[in-house]
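So you can see what is in the structure, the chains are spelled out below.
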Amino acid sequence: MNRATIQAVKQVVTQAMVVMLLTAPVVAWAGAKVSSFQKETKKGANYWSGGAAIDGKLDTAWMLPGDSANRGEWIEIDLPKGTVDKFSIIAGYVKDEETFKDYPRVKQLRIDFYSMNDEQGYDQVGTATVEIKDEMGLQVVDVPDTKIGGDLFGGKAKISIVDIYAGVDYPNLAISEMSFVLSEFEISPTVISVSGEGSGHPKDHALDEDVKTFWSIPAAEAGFSLNGNSYGISSVGFQCNSKDYARAKTVEITLNGLVQRTVLEDKPGAVQWAKTAPFNGYTGGATGDVEVKIIDSYPGAKSQEICLTTLKLQSTNAMSF
């Protein structure tokens, strides 16, 4: 092998390592950076840090210091290569109704989007101003579709507080959860384990793309685990073409310790989608095995085994290569 060939091989390997190390795995786990947060001694120094706004836990929150003006403070969230579609937020400290009113809540936010360039600097690629209602619960706001990232890298979003609703008792603004909804694309699932298979209807029938075959699962403790093969999993799709068999109704999806429960509609023949919980500030931000439990089902005319004609997955980003 001559020197030129060796150098070319080194270049290809180096580029591959850059992709593996600097795209999804690092971006996905980088978390949130904030302008400031309330210091805490009893619960841990980082209890009110920016990470509390993207941890999927409603009893935690990003909280600003009591001497902050609140307006002008910001949080940055790393994003993978993908397209931002919407922004979701649970404004305020929503541990209960009392804490929600006690602390200030966001009223208006400015969101600036950035892509990392090949020199690992940032180029602004979009901006949006969003209005937040003074309501306790999840709010999903449309933002202009914005492509994040280039050939190798993802990017970030900077969310700045423009205006607030005042709190009754405390000056500290709090945000319990926020995340970006990214555009989805379909990926191929791998079934890792199953709770059971009906006679003549094995799990492979849910993956063969043949609408005349299906996988049947005994209803008692029905469940299975999937893997997205290095993609961040954002949705699981369930389809049953038979009214003779039971159809999944309430499903519980656990991914990276976060649990999301969804009630599916009874639409034989249609794919019904159940979302995974946002992780690290965006949908599809978690990898690994997905645990799926079918809590209850719509009854079948002849059998109460649950049928899955097709099992699908959707992702928002490739986590590694």
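Residues numbered from 1 in each chain as written. Predicted model: local features only at pLDDT ≥ 70, side-chain atom pairs only at ≥ 80, totals over all residues. Heavy atoms only, no water.

> Help me understand a negative patch on the surface, please; the structure alone is not making it clear to me.
A surface patch of like charges, here negative, comprises Glu 197, Asp 204, Asp 208, Glu 209 and Asp 210. Here Asp 204 shows up in the loop between strand 11 (190–194) and strand 12 (215–217). (Patch = residues over 30% accessible without salt bridge, like charges linked within 9 Å, V, L, I, M, F, W, Y side chains within 5 Å. Areas by Shrake-Rupley, 256 points an atom, 1.4 Å probe, with all protein chains shown as cover. Salt bridge = Lys/Arg side-chain N within 4 Å of Asp/Glu carboxyl O. Lys, Arg positive; Asp, Glu negative; His and termini not counted. Charge placed at Lys NZ, Arg CZ, Asp CG, Glu CD. Helix = DSSP H or I, 4+ residues; strand = E, 2+ residues; numbered from the N terminus.)

> Help me out: how do you make sense of the pairing of strand 15 (residues 247–255) in this one?
The side chains of a regular strand alternate between both faces of the sheet. Summarising burial for strand 15: seven of the nine residues are buried, a large majority. Relative to strand 18 (residues 289–298), strand 15 runs antiparallel, the two being bridged by seven bridges. Counterpart to Ala 248 in the pairing with strand 18 is Ser 297. Across six bridges, strand 15 lies against strand 16 (residues 258–263) in antiparallel orientation. (Buried < 20%, exposed > 50% of the residue type's maximum accessible area, 1.4 Å probe, protein only. Pairing = 2+ DSSP bridges.)

> When you look at the sheet that holds strand 6 (residues 122–131) in this model, what are you seeing that I'm missing?
Sheet strands associate in pairs through backbone hydrogen bonding, adopting either a parallel or an antiparallel arrangement. What the five strands build is an open sheet, ordered 1-3-8-5-6; its pairing is antiparallel. The two strands at the open ends of the sheet, each matched to only one other strand, are strand 1 (32–34) and strand 6. On average, each strand axis in the sheet is tilted by 20° relative to the strand beside it, whichever way the strands run. Where strand 5 (residues 105–116) and strand 8 (residues 155–165) come together, 10 bridges link them in antiparallel fashion. From the neighbouring strand, Asp 112 faces strand 8, where its bridge partner is Lys 158. (Axes fitted to C-alpha atoms, helices over the stretch in contact; angles between N-to-C directions.)

> Would you take a moment to explain the environment of Gly 237 for this structure?
As for its placement among the helices and strands, Gly 237 is situated in strand 14 (residues 231–239). Residue Gly 237 is classed as buried on the basis of its relative accessible area, which comes to 1%. Along the sequence, Gly 237 and Ala 274 sit 37 residues apart, while their C-alpha atoms lie 6.3 Å from each other. Discounting chain neighbours no more than four positions away, the residues touching Gly 237 are Val 271, Gln 272, Trp 273, Thr 310, Leu 311 and Lys 312. (Contact = heavy atoms within 4.5 Å.)

> Explain the packing of aromatic side chains here, please?
Working definition: an aromatic ring pair is given by the centre-to-centre distance plus the angle between the planes. Taken as a whole and judged by the stated rule, the model has nine aromatic pairs. Ring centres 4.7 Å apart and planes at 20° place the aromatic pair Tyr 103 and Tyr 170 in the stacked group. One end of the pair, Tyr 103, is in the loop between helix 3 (97–102) and strand 5; the other, Tyr 170, is in the loop between strand 8 and strand 9 (174–182), with 67 residues separating them in the sequence. Residue class for Tyr 103 comes out buried when judged on its relative accessible area of 14%. Following the ring pairs from residue to residue traces out a cluster consisting of Tyr 47, Trp 48, Tyr 93, Tyr 103 and Tyr 170. In this arrangement the basic side chain of Lys 156 is found over the ring face of Tyr 114, its NZ or CZ atom lying 5.6 Å from the centre. (Phe/Tyr/Trp six-rings, centres within 6.5 Å; stacked < 30°, edge-to-face > 60°. Lys NZ or Arg CZ within 6 Å of the ring centre and 35° of its normal.)

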